[in-house]
Amino acid sequence: SHSSIIPLSPKVEAAKTYKIDFITALSNTFNYEKNYYLFDSEDRVLEINLAYSVTDNLELSIKNQLRWRGGGFSDQPIEEWHKFFNLPKGKRSQVDHDSFSINGINDNGEKFEIRDRGFIVGDTELGLKYLLSKGDNISPAISFISSLRLPTGEDVFSQERIDTQVGILRDIRTSFLS
């Protein structure tokens with residue numbers, strides 16, 4: 001799977017400072033198109049990020065994920081959410097709760113099926129954050145970020161090649177509210 005957007009701050013810690021972050025996520029995906037594909041999966045993720053501030057403006061990081069993929073427990077609460085807000089159920093009622101299935105037809109018409117479930121170690125990502133502006137009570141802090149994701153993961157959803165990201169982080173000052 002490709003990198004996901006995860007909330008980050010433009011802040012860079014003081015020079016020669018280490019920081020470790022733990023980020024958790026739970027997602028449940030259900031997509032179904034008869035005779036083409038079925039994707040029914042729950043993912044639980046623990047992301048571990050170790051960062052080192054080389055200077056007051058430059059941070060280098062390395063991160064990885066521990067992932068669990070399977071059927072999970074969140075099907076029933078999702079269906080109750082849809083029912084409570086009178087939202088369409090899609091085709092969820094056509095499959096059992098706590099099921100795990102990823103299958104379909106690829107671009108050249110061949111059928112595929114993925115049955116791998118359980119814990120895996122994800123790809124390793126190397127990162128860089130450069131603080132362009134520290135900001136103040138009125139103006140925002142702004143940082144440039146870049147990452148290089150290496151295909152070190154151990155499951156079929158790992159990248160087969162290097163994946164890169166670049167972006168800008170900006171915070172929002174709320175001093176005008178006080």
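What counts as what
- Think of each chain on its own: its residues are numbered from 1, step by step along the sequence as written.
- For a predicted model such as this one, the threshold for reporting local features is a pLDDT of at least 70, and the threshold for listing and counting side-chain atom pairs is 80 or more; totals across whole chains, interfaces and linings nevertheless cover every residue.
- To obtain the side-chain values, all non-hydrogen atoms of the structure were used and water was disregarded.
- Patches in this entry comprise residues that are over 30% relatively accessible and not in a salt bridge; like charges within 9 Å are linked, as are nonpolar side chains (Val, Leu, Ile, Met, Phe, Trp, Tyr) within 5 Å.
- Surface accessibility follows the Shrake-Rupley procedure with a 1.4 Å probe radius. Residue values consider only the protein chains on display as shielding.
- Salt bridge, as applied in this entry: a Lys or Arg side-chain nitrogen positioned within 4 Å of an Asp or Glu carboxyl oxygen.
- By definition, any uninterrupted DSSP run of H or I lasting at least four residues is a helix, any uninterrupted run of E lasting at least two residues is a strand, and each is numbered from the N terminus.
- Whether two strands pair comes down to DSSP finding at least two bridges between them.
- Per residue, pLDDT measures the predictor's confidence, with a range of 0 to 100.
- Side-chain rings of Phe, Tyr and Trp (the six-membered ring for Trp) are treated as a pair once their centres are within 6.5 Å; stacked means planes under 30 degrees apart, edge-to-face means over 60, and tilted covers the remaining angles.
- The rule is simple: take the accessible area with a 1.4 Å probe, protein chains only, and divide by the maximum for that residue type; under 20% is buried, over 50% is exposed, in between is partly exposed.
- By definition here, charges over rings are those cases where NZ of Lys or CZ of Arg is within 6 Å of the ring centre and within 35 degrees of the ring normal.

## Topic: a nonpolar patch on the surface
On the surface, Tyr18, Ile20, Phe22, Leu50, Ile62, Leu126, Leu148 and Ile162 cluster together into a nonpolar patch covering about 780 Å² of accessible area. Sort the elements by how many residues they give to the nonpolar patch and strand β1 (residues 17-33) lands first, with three residues. Structurally, Leu148 can be placed in strand β8 (residues 142-150).

## Considerations on the pairing of β1
Note on strand geometry: in a regular strand, side chains alternate between the two faces of the sheet. Pairing geometry for β1 and strand β2 (residues 37-53), over 17 bridges, is antiparallel. Bridge pairing links Tyr32 to Leu38 in β2.

## Let's talk about the confidence of the model for the chain
Put simply, the chain has an average pLDDT of 85, and 89% of its residues get 70 or more. Predicted confidence in the chain is weakest over helix α1 (residues 75-84), with a mean pLDDT of 83, and strongest over strand β7 (residues 124-133), with 96.

## Notes on the pattern of salt bridges
The final tally for this structure, using the stated rule, is nine salt bridges. A salt bridge links Asp21 to Lys19; the shortest N-O distance between them is 3.9 Å. The salt bridge involving Lys63 is made with Glu125; its shortest N-O contact spans 3.5 Å. Of this pair, Lys63 sits in strand β3 (residues 58-70) while Glu125 sits in strand β7, placing them 62 residues apart in sequence. Each of Lys19, Asp21, Glu59 and Lys129 takes part in a single network of salt bridges with overlapping partners.

## A short note on the packing of aromatic side chains
The full count for this structure, using the stated rule, is three aromatic pairs. Summarising the aromatic geometry, the rings of Tyr18 and Tyr52 are spaced 4.6 Å apart at their centres and angled 45° between planes, so their arrangement reads as tilted. Of this pair, Tyr18 sits in strand β1 while Tyr52 sits in strand β2, and the two are 34 residues apart along the sequence. Residue class for Tyr18 comes out exposed when judged on its relative accessible area of 59%. Looking at Tyr52, the relative accessible area reads 28%, which means it is partly exposed. A centroid spacing of 4.6 Å and a plane angle of 55° characterise the contact between Trp81 and Phe85, whose relative ring orientation is tilted. Through pairs of rings, three or more aromatic residues link up here, namely Trp81, Phe84 and Phe85. Above the plane of the ring of Trp68 lies Arg44, whose end atom (NZ or CZ) is 4.2 Å from the centre.

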